[in-house]
Amino acid sequence: MADGVKTKLAKMRTSLLAQGISMQGIDDAMLLRFLRARAMHVPRAAKMLAEQQTWRASFVPLGFIPESQIESELAQGKAFLQGVSKKTGYPLLFMIARHHLGNRTDFQEFKRFVVYTLDKTIASAPAGVEKYTVIVDLEGIGYKNMDVKSLLSSLQLGQKYYPERLSRMYFVKVPSIFTSFWKMASPFIDKVTREKIYFLDGNGTSDSLIQEFSADNIPKVYGGKAEMTLIQDALVPDWPPTNSAS
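Residues numbered from 1 in each chain as written. Predicted model: local features only at pLDDT ≥ 70, side-chain atom pairs only at ≥ 80, totals over all residues. Heavy atoms only, no water.

Now for the packing of helix H1 (residues 3-18) against helix H3 (residues 42-59). Following both chains from N to C, one finds H1 and H3 inclined at 50°, their axes separated by 9 Å at the closest point. The angle between H1 and H3 falls in the class oblique. Once H1 is placed against H3, the crossing between them reads as right-handed. Together, Lys8, Lys11, Met12, Ser15 and Leu16 of H1 and Val42, Ala45, Ala46, Leu49 and Ala50 of H3 make up the contact between the two elements. Residue composition of the contact of H1 with H3, by class: seven nonpolar, one polar and two charged. (Axes fitted to C-alpha atoms, helices over the stretch in contact; angles between N-to-C directions. Helix = DSSP H or I, 4+ residues; strand = E, 2+ residues; numbered from the N terminus. Parallel < 35°, antiparallel > 145°, perpendicular 65-115°, else oblique. Left-handed = near helix turned anticlockwise from the far one by under 90°. Contact = heavy atoms within 4.5 Å. Nonpolar A, V, L, I, M, F, W, Y, C, P; charged D, E, K, R; others polar.)

Right under this line is the structure:
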């Protein structure tokens with residue numbers, strides 16, 4: 001690690017301690033993620049991390065979201081954790097958009113569901129791996145599924161509190177009905193996040209996914225070899241955690 005980076009890490013720790021932030025669970029990798037998210041600018045990075053820690057202490061006081069607090073969201077069967085891609089080395093999260101029922105969503109429960117999903121996906125990564133990949137299946141969606149508030153909230157939670165975690169997000173089987181929805185929502189998404197979002201051509205979805213990842217991770221319904229595993233059924237070592245700073 002370069003001396004300049006070490007100096008910035010030391011300044012980050014000093015700033016956080018001065019703000020009354022406990023360093024428990026905050027390692028160099030976490031400090032670096034927040035520094036990269038703020039172009040290595042120590043004061044802005046320290047402010048961002050302090051806000052994240054304050055938010056997490058309030059919103060995730062147990063260090064994780066219990067499944068008993070998100071039963072309605074889990075029952076919709078919209079999140080699937082497909083293991084770690086052999087090609088990218090990142091955990092692979094599938095979201096089935098047509099299973100999201102925006103008109104039945106308790107917004108606070110939905111946000112807890114997003115945090116649960118991100119935390120468990122990150123926890124499933126091998127040691128030293130910080131990023132994850134998301135694939136969103138848009139096949140069969142209707143107006144009841146196209147929930148701008150929930151989409152923006154989930155992306156903004158990731159931007160603000162899980163910086164430098166998202167590798168890429170792929171929208172697959174994109175219907176024409178989604179175009180106007182995306183035009184309305186995309187201006188509210190951070191430019192850095194927007195640049196990580198890709199749309200795969202519907203005719204070649206299966207080939208594209210297998211080429212990008214691995215048939216062993218891609219569900220059979222997309223031409224791969226894997227069964228789909230609901231996130232609540234996915235076996236992740238040491239889950240739930242005793243403490244997590246994320």
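Moving on to the sheet that holds strand S4 (residues 166-172). As summarised here, the arrangement of the five strands in space is S1-S2-S3-S4-S5, forming an open sheet in which the pairing is mixed. Since the sheet does not close on itself, it has two edges, and those belong to strand S1 (79-84) and strand S5 (197-199), each with one partner. On average, each strand axis in the sheet is inclined to that of its neighbour by 20°, with strand direction left out of account. Contacting S1, strand S2 (91-96) and strand S3 (132-137), helix H5 (residues 107-123) runs over the sheet at an angle of about 150° to S2. (Pairing = 2+ DSSP bridges.)

Our next topic: the pattern of salt bridges. If charged atoms from side chains of opposite charge come close, those side chains can pair. Within this structure, the stated rule accounts for 14 salt bridges. For the salt bridge of Arg13 with Asp28, the shortest nitrogen-to-oxygen distance reads 2.1 Å. Taken together, the residues Arg13 in helix H1 and Asp28 in helix H2 (residues 28-37) connect sequence positions 15 residues apart. With a closest N to O distance of 4.0 Å, Lys131 and Glu164 form a salt bridge. With Lys131 in the loop between H5 and S3 and Glu164 in the loop between helix H6 (148-161) and S4, this pair connects stretches of sequence that are 33 residues apart. (Salt bridge = Lys/Arg side-chain N within 4 Å of Asp/Glu carboxyl O.)

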